[in-house]
Amino acid sequence: MTNALPDYSDLIDSYDAHLLLERGLSDNTREAYTSDIRRLAEYLEAEALTPENVNISHLRAYCADLYDLGISPRSQARIVSSIKSFFRYLRFSGTIPLNPTELLETPRTGLHLPEVLTVAEIDSLISAIPADSAEAVRNQAIIETLYSCGLRVSELVNLEIPRLYLEEGYLIVTGKGSKERLVPVSPPAIAAISAYIDERRFAPVKPGEEAILFLNRRGSRLTRQMIFTIIRRLAADAGIRKTISPHTLRHSFATHLLEGGANLRAIQQMLGHESIATTEIYIHIDRTRLRQEILSHHPRNHR
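Scope of this entry: the structure provided in the associated data block. (Residues numbered from 1 in each chain as written. Predicted model: local features only at pLDDT ≥ 70, side-chain atom pairs only at ≥ 80, totals over all residues. Heavy atoms only, no water.)

### Here we look at the overall build of the chain
Convention followed: Numbered from the N terminus, helices here are DSSP runs of H or I no shorter than four residues, and strands are runs of E no shorter than two. Burial classes follow relative accessibility: with a 1.4 Å probe on protein chains only, a residue under 20% of its type's maximum area counts as buried, one over 50% as exposed, and anything between as partly exposed. Contacts between residues were defined by any pair of non-hydrogen atoms, one from each residue, lying within 4.5 Å. Areas reported here follow the Shrake-Rupley algorithm with a probe of radius 1.4 Å; residue values treat only the protein chains shown as occluding.
Looking only at helices and strands, the chain features 13 helices and three strands. Taken over 303 residues, the chain has a buried fraction of 45%. When contacts within the chain are restricted to residue pairs at least 6 apart in sequence, those whose partners lie at least 24 apart make up 61%. Accessible area of the chain: about 16,300 Å², with a carbon and sulfur share of 51%.

### Focus: the sheet that holds strand E3 (residues 180-184)
Convention followed: Should DSSP find at least two bridges between two strands, the strands are taken to pair.
As summarised here, the arrangement of the three strands in space is E1-E2-E3, forming an open sheet in which the pairing is antiparallel. Edge positions in the open sheet fall to strand E1 (164-165) and E3, since each of these has one partner strand only. In this sheet, E3 lies alongside strand E2 (residues 170-174) in antiparallel orientation, the contact comprising five bridges. Bridge pairing in E3 links tyrosine 170 to proline 184.

### Overview of helix H2 (residues 27-46)
Just so we agree on the cut-off: Working rule for helices: expected span equals 1.5 Å times residues minus one.
Between its terminal C-alpha atoms H2 stretches 28 Å, which fits the 28 Å expected from 20 residues at 1.5 Å a residue. Among the residues of H2, Arg30, Tyr33, Thr34, Asp36, Ile37, Leu40, Ala41, Tyr43 and Leu44 are the ones counted as buried. Within two residues after H2, alanine 48 carries a phi angle of roughly 60°, on the positive side.

### Quick notes on the environment of aspartate 36
Positionally, aspartate 36 belongs in helix H2. Judged by its relative accessible area of 0%, aspartate 36 is buried. As for aspartate 36 and serine 82, which are separated by 46 residues in sequence, their C-alpha atoms are 6.5 Å apart. Those residues in contact with aspartate 36, other than ones at most four positions away along the chain, are Tyr62, Arg78, Ile79 and Ser82.

### What about the pattern of salt bridges?
Going by this rule: The term salt bridge refers to a side-chain nitrogen of Lys or Arg lying within 4 Å of a carboxyl oxygen of Asp or Glu.
As enumerated under the stated definition, the model contains 13 salt bridges in all. Residue glutamate 47 is joined to arginine 224 by a salt bridge in which the shortest nitrogen-to-oxygen separation is 3.6 Å. Pair noted here: glutamate 47 is in the loop between H2 and helix H3 (56-68) and arginine 224 is in helix H9 (residues 224-238), with a separation of 177 residues, a long-range link. By relative accessible area, glutamate 47 is classed as partly exposed at 38%. Assessed through its relative accessible area of 18%, arginine 224 is described here as buried. Of the charged contacts, one joins glutamate 105 and arginine 60 as a salt bridge, the two residues approaching to 3.1 Å between their closest N and O atoms. Placement of the pair is glutamate 105 in the loop between helix H4 (73-92) and helix H5 (119-127) and arginine 60 in helix H3, with a sequence separation of 45 residues.

Here it is in structure tokens:
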């Protein structure tokens, strides 16, 4: 461990000893578990979270990031197992008062393709926003930006006004590993963002949040969990039965680009994927949809 994680290094060493002496796990299994926890610790340290402060929302957000990175469901399941084991140990040893992983779901293994919304379903999400609500203009801008730009939810909540170049039709985001990328913005998203900025001028803003685009009623940046809640509520109001999240709009963005003939490398750059292998999951989505269309509409499949 490096000195970057002073709050977790001793805990991880103790946990490793527990896996060896009390659970009798093999060296390879212990290494896999502790490696998973080191990566989690880096995430929690970046979020300024001590073990006592970690709750189920933080862990779900972390798991959502794993999903967004294209990590396989089998690997996600192992990581969740590691996380649960670690927090059970912390609870058993008295380090934390409660175990936050009791309601943490384990991903199903096997081939899993992310849910994708149709264009009509995305339009219905926007139509479900109550026109008379105080957050109507903001929430429309959020949906349009997620879908138009394929942003990660963490990129959306940290999006800054000075990094919007709406007249030129693009914005700059800081993605994984603090890497910046330039992302084109569609005309509907530009219109929605512009309308929100006009309205935002009259809203309270907390010191230090002046540059942040999307704010809550108190003038602070939105949390990832709040974006998740907004989208889930709109989906329910729109009658969409798919299990969706902010990542669903990102997946829909990429899938619709691919179906429209976009180059996979261009999609990779817009999504900010390190490897083209991560982007290639959208090829599988496209092929699955093609097969479904053939089965549904080809005359040989009807009697």
